[in-house]
Amino acid sequence: AVTPTNTTPTATVCLYREAAERAGLWVVALRTVINLVVFSCSHQCLELLNDFNSANGYHVLCYAIANSSGSHAKKLLELVTILACCKTDLNSDTGRMLNGADGALDDESIRID
């Protein structure tokens, strides 16, 4: 029989609201989601972009920008630019950007860290 050697209860450590923002978790989470959306669009798949829109992802991003510290808000604003340059035209080689500019940027000019 196996006997437990550690009887100390384990605690789950989670950060919520302002504590998560201070730790930079809002930036990490939104960067991850937006990178997935942009990369899927670059492979002519708009499903994640549609899901992002349906799930009010733009509202979440705006809320995060408005309620983040200065250094985190700057990083979140960079995500707005990346998302705005996402290719959405599946019938074109250059793609139509979300802001309506045709062929203004190609994949190499979009910086995603």
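**Overview of the packing of helix H4 (residues 57-66) against helix H5 (residues 70-84)**
One way to put it is that H4 packs onto H5 with a least axis distance of 9 Å and a crossing angle of 150°. Relative to H5, the element H4 lies roughly antiparallel. Read as a crossing pair, H4 and H5 show a hand that is left-handed. Taken together, the residues of H5 that come into contact with H4 (itself represented by Tyr58, Leu61, Ala64 and Ile65) are Ala73, Leu76, Leu77, Val80 and Leu83. For the contact of H4 with H5, the class distribution of residues is 9 nonpolar, no polar and no charged.

**Here we look at H5**
Relative to the 21 Å expected for 15 residues at 1.5 Å per residue, H5 spans 21 Å between its end C-alpha atoms, a close match to the ideal helical length. Looking only at H5, the buried set comprises His72, Ala73, Leu76, Leu79, Ile82 and Leu83. On an axial view of H5, the arc spanned by its buried residues comes to 165°, and they lie on one face. Exposed side chains of H5 directed beyond 90 degrees from the buried face belong to Gly70 and Lys74. Contact partners of the buried residues in H5: helix H1 (17-22), helix H2 (25-42), helix H3 (47-54) and H4.

Thresholds, definitions, all that
Residues numbered from 1 in each chain as written. Predicted model: local features only at pLDDT ≥ 70, side-chain atom pairs only at ≥ 80, totals over all residues. Heavy atoms only, no water. Axes fitted to C-alpha atoms, helices over the stretch in contact; angles between N-to-C directions. Helix = DSSP H or I, 4+ residues; strand = E, 2+ residues; numbered from the N terminus. Parallel < 35°, antiparallel > 145°, perpendicular 65-115°, else oblique. Left-handed = near helix turned anticlockwise from the far one by under 90°. Contact = heavy atoms within 4.5 Å. Nonpolar A, V, L, I, M, F, W, Y, C, P; charged D, E, K, R; others polar. Expected span 1.5 Å × (residues − 1). Buried < 20%, exposed > 50% of the residue type's maximum accessible area, 1.4 Å probe, protein only. Arc of directions from axis to C-beta.

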